[in-house]
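Listed below are the residues making up each chain.
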Amino acid sequence: MTHRSLRWIALAAAAAAGPWMAHAAAQGPRMTPERLQALAAKPTPRLTGGRPDLNGTWDRLGGIEFVRPQRLADGSICILACGPAGGGPPGPAPGAAPSFPTYKPEFLAKVKDLSDRQTQTDTSLRCQPIGVPRIGPPGKIVQNAREVVFLYDDINGSFFRIIPTDGRPHRKGLPASYLGDAIGRWEKDTLVVETVNFNDETWLTDNGAFHTTGLKVIERFRRVGDTIEYQAIAEDPAVLAEPWTGRPRTLWLTDQELEESPRCEDRDMSLVTDGSHHDNPR
Amino acid sequence: MRDRFRSALFAVTTLLTALLTAAAVSAHHSVAGQFDTSKSLTLTGVISRVEWINPHIYLHMDVKDQRGDVTTWTLASLPTAMLRRAGLSRESIQGQPGELITVAANPARDETRNLAWITKMTYADGRAIFLTGQ
């Protein structure tokens, strides 16, 4: 069989399968712990000057690790609650209890109240910016000798953070913001990003995990082969009994470029007729 | 004494873990506050418009009754990122122009609207998208 006839067969098959297959092909192979291990075993690229190269688009599953779509034998697709799926992406199992900050006793009632009224109190459900650290690791990193830029294609919008790494101090006089003011430094091969000057409109995680404007977030990025080990620690001594360490994440290099986030439009919460919890894992 | 303390600690930890896990699992059924998951309806029609927006997409389906009158239903579904992860796009979920698609859905608790949450879509060629479980 010639290459030309093979190509026609492939084209005919693609046409018969319609647009579903084209988009499915764009997904690439699914991540498995074994593949992740192989990516981490690759050499760690470095920039001129020796710093690890963090540049790239990084798959971090956007906080939806519990979504493990399956393609069925007849071409059908199952997206949620599909039963056991071999080779699912790494991450917590569906329904796994997330870690939660430890609050000082006098603030537990406030956390419970915010959580109980979550559909009214969680601003992330109203399409507002999600804040740090709840937004998680960036989807793309642009790095040069003076700064790194984080880009996010979040469900609530497209966001960016500019992080000086050349010794510049935190900026003064800026209004408090959702993503705060960040500076970065290198501790050996780990990029450490310290962010302050947050407003208090966001939560650290789901379920009423509020914070104050005194929040400081420390994020660590360590490139290992074609992966990045990421972890964030939130310090808010006014309300937290101890610093809260979010669950560690492993990002991997992807050739799927970020896209502008589709418009976020708050029209769901008006439909809630009772106090049901609207889960928003990140 | 130490063994009794350990047993008590184990019991409390187990109970806490069970409660937290149950809370996390039940939290995934958040759609229940807006849509009546105990009721199911089936609609067949043409998807005339797709709102590819977050946090949930909306499909507008023109459903024709036996007299030929058309009712447009608004059908909510998952966030765009979840659909993209499953290989779906605004175009592919709409189907071919004029294609009759059957959806299984949970009606809105506010029954004044022609609004529902899609659980399954079946296309003319028989393939299906199970949006919230098989």
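Residues numbered from 1 in each chain as written. Chains lettered and ligands numbered in written order. Predicted model: local features only at pLDDT ≥ 70, side-chain atom pairs only at ≥ 80, totals over all residues. Heavy atoms only, no water.

Caption draft 1: View of the overall build of chain B. Secondary structure summary: chain B contains 3 helices and 6 strands in total. The order of helices and strands in chain B, counted from the N terminus, is α-β-β-β-α-α-β-β-β. Relative to its 134 residues, chain B shows a buried fraction of 46%. The long-range fraction of contacts in chain B, counting pairs at least 24 apart against all pairs at least 6 apart in sequence, stands at 51%. Summed over all atoms, the accessible surface of chain B reaches about 7100 Å², with 56% contributed by carbon and sulfur. (Helix = DSSP H or I, 4+ residues; strand = E, 2+ residues; numbered from the N terminus. Buried < 20%, exposed > 50% of the residue type's maximum accessible area, 1.4 Å probe, protein only. Contact = heavy atoms within 4.5 Å. Areas by Shrake-Rupley, 256 points an atom, 1.4 Å probe, with all protein chains shown as cover.)

Caption draft 2: Looking closely at unusual backbone geometry. With an omega of 10 degrees, the peptide bond running from Val132 of chain A to Pro133 of chain A counts as cis. Looking at the element boundaries, Pro133 of chain A is found in the loop between α5 (118-121) and β4 (140-143). Of the consecutive residues Asn54 of chain B and Pro55 of chain B, the connecting peptide bond is found in the cis state with omega at 0 degrees. Within the secondary structure, Pro55 of chain B sits in the loop between β1 (41-51) and β2 (58-64). Notably, Cys127 of chain A is not glycine yet its phi reads approximately 70 degrees, a positive angle. Overall, the relative accessible area of 15% leaves Cys127 of chain A in the buried class. The phi torsion at Asn207 of chain A lies on the positive side, around 65 degrees, for a residue other than glycine. With respect to the element layout, Asn207 of chain A can be found in the loop between β8 (190-196) and β9 (216-224). Given the relative accessible area of 25%, Asn207 of chain A is considered partly exposed.

Caption draft 3: A look at the state of the cysteines. All names here are of chain A. The full count for this structure, using the stated rule, is 1 disulfide over all chains. Note that Cys127 is cross-linked by a disulfide to Cys264, the S-S spacing being 2.1 Å. On the sign convention where negative is left-handed, the bridge of Cys127 and Cys264, at about -75 degrees about the S-S bond, is left-handed. Here Cys127 is found in the loop between α5 and β4, whereas its partner Cys264 is found in the segment after β12 (249-253), with 137 residues between them in sequence. Residue Cys127 shares its accessibility class with Cys264, and that shared class is buried. (Disulfide = S-S within 2.5 Å.)

Caption draft 4: Here's a closer look at the pairing of strand β5 (residues 147-154) of chain A. Residues and elements named next belong to chain A. On β5, burial follows the alternation: Val148, Phe150, Tyr152 and Asp154 on one face are buried, whereas Glu147, Val149, Leu151 and Asp153 on the facing-out side are not. Here β4 runs beside β5; their pairing, made up of 4 bridges, is antiparallel. By the bridge assignment for β5, Val142 is matched with Val149. Hairpin remark: β4 followed by β5, antiparallel, with 3 residues in the connecting loop. Two strands pair when backbone bridges link them, and β5 and strand β6 (residues 157-164) are joined in this way by 8 bridges, in the antiparallel orientation. Bridge pairing in β6 places Asp153 opposite Ser158. (Pairing = 2+ DSSP bridges.)

Caption draft 5: Here's a closer look at the nonpolar core. Counting residues in each nonpolar core, the largest one holds 39 residues, and the members touching the most others are Ile79 of chain A together with Leu59, Leu75, Leu83, Ile93 and Met121 of chain B. Elements with a contribution of two residues or more to this core: β1, β2, β3 (70-76), α2 (80-85), β4 (101-107) and β5 (115-122) of chain B. At 5 residues, β5 of chain B tops the list of elements feeding residues into this core. In this structure Ile93 of chain B touches Ile47, Val50, Ile57, Leu59, Leu83, Ile101, Met121, Tyr123 and Ile129 of chain B, once residues within four positions along its chain are discounted. Core analysis: the next-biggest nonpolar cluster, separate from the first, contains 35 residues, Trp58, Leu114, Val148 and Ala182 of chain A among them. (Core = buried A, V, L, I, M, F, W, Y, C linked by side-chain atoms within 4.5 Å.)

Caption draft 6: Focus on the side chain of Gln143 of chain A. Residues and elements named next belong to chain A. As for its position among the elements, Gln143 is in strand β4. Side-chain polar atoms of Gln143 contact the backbone oxygen of Pro52, separated by 3.2 Å. What Gln143 contacts, discounting residues up to four positions off in sequence, is Leu47, Arg51, Pro52, Asp53, Leu54, Asn55, Val148 and Trp186. (Polar contact = N/O pair within 3.5 Å; in protein donor to acceptor, adjacent residues only side chain to side chain.)

Caption draft 7: Looking closely at the packing of aromatic side chains. All names here are of chain A. Summed over all chains, the structure comprises 6 aromatic pairs over all chains. Ring geometry for Tyr103 and Phe210: centres 5.2 Å apart, planes at 20 degrees, overall stacked. Here the residue Tyr103 occupies a position in the loop between β3 (77-78) and α4 (108-116), and Phe210 occupies one in the loop between β8 and β9, the gap between them amounting to 107 residues. Pair check on accessibility: Tyr103 and Phe210 agree, each one buried. With a centroid separation of 5.0 Å and 65 degrees between ring planes, the pair formed by Phe221 and Tyr230 is classed as edge-to-face. Residues Phe221 and Tyr230 agree in their burial class; the two are buried. Above the face of the Phe210 ring, Lys110 is positioned so that its terminal group lies 4.2 Å from the ring centre. (Phe/Tyr/Trp six-rings, centres within 6.5 Å; stacked < 30°, edge-to-face > 60°. Lys NZ or Arg CZ within 6 Å of the ring centre and 35° of its normal.)

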